[in-house]
Amino acid sequence: MNEPHVYVIGGGFAGVEAARTVARRSPRARIRLIDRNPYATMVPALPDVVSGRVRVDAIAHSLEEAVGAGPRADGAPAAGSEAGPGVEVITDEVERLDLVSRRIHGRETTYDYDYLVIASGSSPAYFGFEATDGTLHTVHSLETARRFRGAVESHLHGAPTAPIVIVGAGYTGLEVAACLTAGATEAGARPAITVVDVADNILGFLTDGERRRIRSYFDSIGVEIRTATALESYYGGTAVLSDGTHIADSLVCWAAGMRAQPLPIDGEVERTRDGRLHTTAALQLPQHPEVFAAGDAAALWKGDTTARRAVNFSYYSGRRAGANVAAAIGGRSLRDFRPVDLGWIIPLGEESVGRVFGAIRVGGSMGLRMHYLMCGFRHFAGARAGEFYRTALRLSRRPDPLEPGGAPEGEDG
């Protein structure tokens, strides 16, 4: 094979790292990364689009620049440089994969590959719920987070205490509630925020003491949390809850779960209940060894369970998938991916909770600083990473306030 064609689907942490790694280790490969957006997004910071604590322009970065880092193993020019083939970024939306014909069907055209890395990420899981009349907002992408912020600004115009319902009391829902409160407070608004969840308690993986502390914090900022409660319908701006409550003139943000991006695939594959692809230990699809999966698209097994969705697992599985593609091209042995849990932190406005290396508890301002430091460390670009380092050092910085009366934002540029 003279010039193997390698395609990577998805411009998140896994996809960018996979493309970078193939470029470094396989100088004769022709590498293309496909994503519907021309930018990569710092997903852990999306709730801060609502709070204004981090500048929005620091949350996204050009994909062409993101994949253009790092020299190749053989000393060839850096990926993405004019002097070498590097990584070509294609802005297109993948609509279907044909693994039998080794063909990617995009909205614009089709692409034939020799090797493929599927790193298509996640999308919201609605569990069969549909809004009868009204828009369910999310914060799963920069586009939707900006649209939600614009909708909140419009919603609060002339009604600073207007109701907002957040579905899901997991880490995303609670982050959004805390960030929304911070941004609204800076604008002099006080929306009536209600968080609902079907579970009997919040964040079941925490200790009782940690849950009490978090509930106390949300009580102090005026956010109501209702567990064992579901959103039954959303019609004409009225959210109807399973406990019989009707919340009229409300805005709803859905944060109740995620699933692998529902990418139609022709070919034999096996998926988990939440849509992730089963792979070998080397991240290959068993029936299609030229295809690899990484990040949220892959079922990354950690013992008897799949690893949670996290930047750490996406980044390193992308690197391993890319290294194994390069090894396959070079006729070398592939190596297994072994997830290592470096920990997690949930930032909640002025509060936080987390674990470092799965054991060391962190919280409060220390946890917040660590969160923003890690966002900077894992950022796609050094210049914009500086915004997160500065935020970590000066947590007292006043957020950019919501602007009640602003029009909802549309597509990102």
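Residues numbered from 1 in each chain as written. Predicted model: local features only at pLDDT ≥ 70, side-chain atom pairs only at ≥ 80, totals over all residues. Heavy atoms only, no water.

This part takes up the overall build of the protein chain. Along the protein chain, the regular secondary structure elements total nine helices and 27 strands. For the protein chain, the C-alpha radius of gyration of 22 Å lies close to 22 Å, the compact-globule estimate for 413 residues. With the principal axes as the frame, the protein chain shows a C-alpha extent of 65 × 45 × 40 Å. A burial count over the protein chain gives 55% of its 413 residues as buried. Partitioning the intrachain contacts of the protein chain with sequence separation of at least 6 by distance along the chain shows that 65% fall at a separation of at least 24. (Helix = DSSP H or I, 4+ residues; strand = E, 2+ residues; numbered from the N terminus. Rg over C-alpha atoms; globule rule 2.2 N^0.38 Å. Buried < 20%, exposed > 50% of the residue type's maximum accessible area, 1.4 Å probe, protein only. Contact = heavy atoms within 4.5 Å.)

This paragraph deals with the sheet that holds strand 20 (residues 265–266). The sheet built from four strands is open, its strands ordered 8-7-6-20 with mixed pairing. Strand pairing shows two members of the sheet lacking a second neighbour, strand 8 (110–112) and strand 20, which therefore form its edges. Bridge analysis of strand 6 (residues 94–98) against strand 7 (residues 103–106) gives four bridges, and the strand direction is antiparallel. Across the sheet, Leu 97 pairs through a bridge with Ile 104, a residue of strand 7. (Pairing = 2+ DSSP bridges.)

Another point: the packing of aromatic side chains. Using the criterion set out here, one finds seven aromatic pairs in the structure. Centroid distance Tyr 315 to Tyr 316: 5.0 Å. Interplanar angle 80°. Geometry classified as edge-to-face. The buried category is assigned to Tyr 315, whose relative accessible area is 13%. Since its relative accessible area comes to 32%, Tyr 316 is described here as partly exposed. Among the aromatic side chains, those forming a connected cluster through ring pairs are Tyr 126, Phe 129 and Trp 254. Stacked on the ring of Tyr 315, the Lys or Arg Arg 378 has its end atom at 3.9 Å from the ring centre. (Phe/Tyr/Trp six-rings, centres within 6.5 Å; stacked < 30°, edge-to-face > 60°. Lys NZ or Arg CZ within 6 Å of the ring centre and 35° of its normal.)

What follows covers the pattern of salt bridges. Under the counting rule described, the total for this entry stands at 25 salt bridges. One salt bridge connects Arg 149 with Glu 153, and the closest N-O pair in it is separated by 3.4 Å. Note that Arg 149 and Glu 153 are positioned in helix 4 (residues 142–156) at a spacing of four residues, about one turn of the helix. Each of Arg 36, Glu 93, Glu 95, Arg 107, Glu 143 and Arg 147 takes part in salt bridges that share partners, so that together they form one network. (Salt bridge = Lys/Arg side-chain N within 4 Å of Asp/Glu carboxyl O.)

Read from one edge of the open sheet, three strands run 15-16-17, paired in antiparallel fashion. Every interior strand has two partners, whereas the edge strands, strand 15 (231–235) and strand 17 (246–247), have only one. Taken together, the four bridges between strand 15 and strand 16 (residues 238–241) define a ladder with antiparallel strand orientation. Note that in strand 16 the partner of Tyr 234 across the bridge is Ala 239.

Here we come to the state of the cysteines. Across all of its chains, the model carries zero disulfides by this definition. The thiol of Cys 179 is not disulfide-bonded; the next cysteine sulfur, from Cys 375, is found 11 Å away. Considering cysteine sulfurs only, Cys 179 is the nearest to Cys 253, which forms no disulfide, with 11 Å between them. Residue Cys 253 is classed as buried on the basis of its relative accessible area of 0%. (Disulfide = S-S within 2.5 Å.)

Considering every residue of the protein chain, the mean pLDDT works out to 91; 93% of them sit at 70 or more. This stretch, residues 407–413, has a pLDDT under 50; its non-local contacts, to residues over four places away or in other chains, come to 15 contacts. (pLDDT = per-residue confidence, 0-100.)

Moving on: the pairing of strand 12 (residues 163–167). With five of five residues buried, strand 12 lies mostly within the body of the structure. Where burial is concerned, the two faces of strand 12 agree: the one with Pro 163, Val 165 and Val 167 and the one with Ile 164 and Ile 166 are both buried. Where the polypeptide runs from strand 12 across helix 5 (residues 171–186) and back to strand 13 (residues 192–196), its parallel neighbour, the crossover connection is right-handed. Pairing between strand 12 and strand 18 (residues 251–254): four bridges, direction parallel. (Right-handed = clockwise from strand over helix to strand, strands pointing away.)

All right, on to the packing of helix 1 (residues 13–25) against helix 7 (residues 311–329) then. Helix-helix packing is described using two parameters, namely the angle between the two axes and the distance between the axes. Close contact between helix 1 and helix 7 brings their axes to 7 Å; oriented N to C, the two are set at 30°. Taken as axis vectors, helix 1 and helix 7 run roughly parallel relative to one another. Considering only the axes of helix 1 and helix 7, their crossing is right-handed. Between helix 1 and helix 7, the residues in contact are Phe 13, Ala 14, Glu 17, Ala 18, Thr 21, Val 22, Arg 24 and Arg 25 and Val 311, Ser 314, Tyr 315, Gly 318, Arg 319, Gly 322, Ala 323, Val 325 and Ala 326, respectively. Of the residues in the contact of helix 1 with helix 7, the class split is nine nonpolar, four polar and four charged. (Axes fitted to C-alpha atoms, helices over the stretch in contact; angles between N-to-C directions. Parallel < 35°, antiparallel > 145°, perpendicular 65-115°, else oblique. Left-handed = near helix turned anticlockwise from the far one by under 90°. Nonpolar A, V, L, I, M, F, W, Y, C, P; charged D, E, K, R; others polar.)

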